[in-house]
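A closer look at the structure
The primary structure of each chain is shown beneath.
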Amino acid sequence: MIDSPLFIANQNLESAARTEPSVTAPPSHSPLFNPASGYLPTLTPDNTEFVILSFEGPDPYCRAGGLGVRMTELTRAVAAQGFDTHYYFVGDPDAAPHEQVDGLPLYYHRWSQWISRHHPNGVYDGENGKLQDFRATIPQHLVEERVRPAVARGKKVVILSEEWHTADTACDVSDALWAAGLRDQAIMVWNANNTLGFEHVDFERLRFTQTISTVSRWMKHEMWSRGCNPIVIPNGIPARRLEPSPLADELAELAQVRLKDRLTLGKVARFDPDKRWLMAVDAVAGLKRKGLPVLFVAKGGMEAHGHDVMQRAHAAGLRVRDVCSDSRDPRVLMRTLLEAAKTADMLNIRFYLSEPLSRALFQVADAMLQNSGREPFGLVGLEVMAAGGLVFTGATGEEYARPYDNAIVLDTDDAHEIEATVVGLLSRPKEMERMRRQGQETARQYTWDQVLELLLRRVQYLAVRN
């Protein structure tokens, strides 16, 4: 029986096992990859520097909205990776013109201070003069003080410009680098966080001189009508917002004790019709008419629409209290808010809302009404999630928000949608807690460390294309 078909088949298998190589483990890398090819450059602090251009910045003088927060945290994140980072912004006229920050390779350059001294009401006071000065002085400065010295040290320079105020300047920088024979040593990206000011932007010239990026797929689609197909690099939040904060917890506990019998809703946004403040006010008034002990904690800006919001609140029968304070102590400010809440349905915060105070507010609020009708990204929504809060968003650029999973996503501009949703959630506390937990998990995916990794990958691609 030695020559049976079964015996012969076994012999063939044994022979194959002796002669064919084993494939039990995958190769460590693709055989097509040649690390010596140099096709995909590695970006390191030894070969790359960053220059950031933005009107808004870290100073209270120039932190008018989400852009100032974004740029402050982005530049810190880049510098924390070891990259020399030079941040140009229209800063406080009384602060140092040039400053290294906290021992990081992060350098603040406060521009147009000579103009800002005559315009004390913030970055957009005297806007046209600052625009002209920025455009007239930045291009040659970057050529001679940033790019040429960096090239001499064997480095390339990534120049990231933000929003419409820097668009013409960014194009002029490209032209100046070209004239100096240095254009191929710079990777230039212009980023749009919003469609605001697009009527001032020469998109044809911008597309020709640099790569265009934006912060969400919603913004990408908005920009198609301008002939642009931008790459998407989302916004982020600092990782510290997910770390324990004893001060924020102390403030939250203090507020929880005093507000335990109030339905507390909040909103932090510019006073802009796109933010749907009137919808939020109408919803709060509707909940009050239903007999609920509602408290609406509102933090807007200096925009004219704020007058409409307050007028609407008074007309709807809400007791409105403006809350002002010269103190910077978060404990004092929280006690001031809680004292005002005793006789109010709506608190209009008129002081700077620091990070510990905002985190406490986000924790304590039953919901934060970040119900924008047109929102390119929705940074505050992520900050609410990071604090363990429950956020109501609109249905535009807040792509991180998943309905009834980690947030409430509103589909209409009808205040009754907010009212009905709030009333429904009050009877389902476990669902609210689950959404809060899911929100925090979502926020972890949007820390600046995560976003920066994506940014560097995009820049790596641009370096290949350059």
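**Focus: the sheet that holds strand 1 (residues 48-53)**
The sheet built from eight strands is open, its strands ordered 3-4-2-1-5-6-7-8 with mixed pairing. Two strands close off the open sheet at either side, each with one partner strand: strand 3 (98-100) and strand 8 (231-232). Contacting strand 1, strand 2 (85-89), strand 4 (106-110), strand 5 (156-162) and strand 6 (186-192), helix 2 (residues 66-80) crosses the sheet at an angle of about 165° to strand 2. Of the strands in this sheet, strand 1, strand 5 and strand 6 are in contact with helix 5 (residues 167-179), which crosses strand 6 at around 170°.

**Remarks on the sheet that holds strand 14 (residues 391-393)**
The strand order across the open sheet built from seven strands is 11-12-10-9-13-14-15, with neighbouring strands paired in parallel fashion. Both edges of this open sheet fall to strand 11 (320-323) and strand 15 (408-409), since each of them pairs with a single strand only. Across two bridges, strand 14 lies against strand 15 in parallel orientation. Each bridged residue has a counterpart across the sheet, and for threonine 393 the counterpart in strand 15 is valine 409.

**A word on the packing of helix 13 (residues 379-386) against helix 15 (residues 429-444)**
Where helix 13 contacts helix 15, the axes come no closer than 7 Å and their chain directions differ by 120°. In terms of orientation, helix 13 and helix 15 fall into the oblique class. The crossing of helix 13 and helix 15 is left-handed. Seen from helix 13, the contacting residues are Leu382, Met385 and Ala386; seen from helix 15, they are Gly439, Gln440, Thr442 and Ala443.

**Comments concerning the pattern of salt bridges**
Applying the stated criterion across every chain yields a total of 35 salt bridges. As a salt-bridge pair, glutamate 162 and arginine 70 come within 2.9 Å of each other at their nearest N and O atoms. Linking glutamate 162 in strand 5 with arginine 70 in helix 2, this pair joins segments that are 92 residues apart in sequence. Taken as a pair, glutamate 162 and arginine 70 share a single burial class, namely buried. Salt-bridge contacts for arginine 428 lead to glutamate 431; the nearest nitrogen and oxygen are separated by 2.5 Å.

**What about the pairing of strand 5?**
Taken across its seven residues, strand 5 has six buried, putting it largely inside the fold. Sheet topology places strand 1 next to strand 5; six bridges connect them, and they run parallel. Residue threonine 48 lies in a different strand from strand 5, and its bridge partner there is lysine 156. The β-α-β motif built from strand 5, the intervening helix 5 and the parallel element strand 6 has right-handed crossover chirality.

**Re the nonpolar core**
Ile159, Leu177, Trp190, Met223 and Leu347 are the most contacted members of the largest nonpolar core, which totals 110 residues. Element by element, the count of residues in this core is highest for helix 16 (residues 448-465), at eight residues.

**A few points about helix 5**
Compared with an ideal rise of 1.5 Å per residue, which puts 13 residues at 18 Å, helix 5 spans 19 Å between its outermost C-alpha atoms and is within 8% of the ideal. Taken residue by residue, helix 5 has Ala167, Thr169, Ala170, Cys171, Asp172, Val173, Ser174, Ala176 and Leu177 as its buried positions. Residues of helix 5 that are buried in the fold lie against strand 1, helix 4 (127-152), strand 5, strand 6 and helix 6 (203-209). Of the residues trailing helix 5, glycine 181 is marked for its positive phi of about 75°.

**Details of the state of the cysteines**
Counted under the stated rule, the structure contains zero disulfides. Lacking any disulfide linkage, cysteine 171 is separated from the closest cysteine sulfur, that of cysteine 228, by 11 Å. Accessibility expressed as a relative area gives 4% for cysteine 228, which makes it buried.

**A few points about the packing of aromatic side chains**
Going through the model one piece at a time under the given rule, you end up with 15 aromatic pairs. Seen in terms of ring centroids, tyrosine 88 and tryptophan 111 are 5.4 Å apart; in terms of plane orientation they differ by 70°. Their pairing is edge-to-face. Of this pair, tyrosine 88 sits in strand 2 while tryptophan 111 sits in the loop between strand 4 and helix 3 (113-116), and the two are 23 residues apart along the sequence. The buried category is assigned to tyrosine 88, whose relative accessible area is 0%. An angle of 80° between the planes, with centres 6.1 Å apart, marks the rings of tryptophan 190 and phenylalanine 203 as edge-to-face. Of the two residues, tryptophan 190 sits in strand 6 while phenylalanine 203 sits in helix 6, which places them 13 residues apart along the sequence. The exposure classification of tryptophan 190 matches that of phenylalanine 203, with both residues buried. Over the face of the ring belonging to tryptophan 277 we find lysine 267, whose NZ or CZ atom lies 5.4 Å from the ring centre.

**Focus: the pairing of strand 9 (residues 263-268)**
Each regular strand shows side chains that alternate between the opposite faces of the sheet. Of all the six residues making up strand 9, six are buried; the element is thus mostly covered by neighbouring parts of the structure. On strand 9, burial covers both faces: Leu263, Leu265 and Lys267 on one face and Thr264, Gly266 and Val268 on the other are all buried. Examined bridge by bridge, strand 9 and strand 10 (residues 294-299) share six bridges and lie parallel to one another. In the strand pairing of strand 10, leucine 265 is matched with phenylalanine 296. Running through helix 9 (residues 277-289), the crossover from strand 9 to the neighbouring parallel element strand 10 is right-handed. Alignment of strand 9 against strand 13 (residues 367-370), held across two bridges, turns out to be parallel. Directly across from leucine 265, in strand 13, lies its bridge partner alanine 367.

Calculation criteria
Residues numbered from 1 in each chain as written. Predicted model: local features only at pLDDT ≥ 70, side-chain atom pairs only at ≥ 80, totals over all residues. Heavy atoms only, no water. Pairing = 2+ DSSP bridges. Helix = DSSP H or I, 4+ residues; strand = E, 2+ residues; numbered from the N terminus. Contact = heavy atoms within 4.5 Å. Axes fitted to C-alpha atoms, helices over the stretch in contact; angles between N-to-C directions. Parallel < 35°, antiparallel > 145°, perpendicular 65-115°, else oblique. Left-handed = near helix turned anticlockwise from the far one by under 90°. Salt bridge = Lys/Arg side-chain N within 4 Å of Asp/Glu carboxyl O. Buried < 20%, exposed > 50% of the residue type's maximum accessible area, 1.4 Å probe, protein only. Right-handed = clockwise from strand over helix to strand, strands pointing away. Core = buried A, V, L, I, M, F, W, Y, C linked by side-chain atoms within 4.5 Å. Expected span 1.5 Å × (residues − 1). Disulfide = S-S within 2.5 Å. Phe/Tyr/Trp six-rings, centres within 6.5 Å; stacked < 30°, edge-to-face > 60°. Lys NZ or Arg CZ within 6 Å of the ring centre and 35° of its normal.

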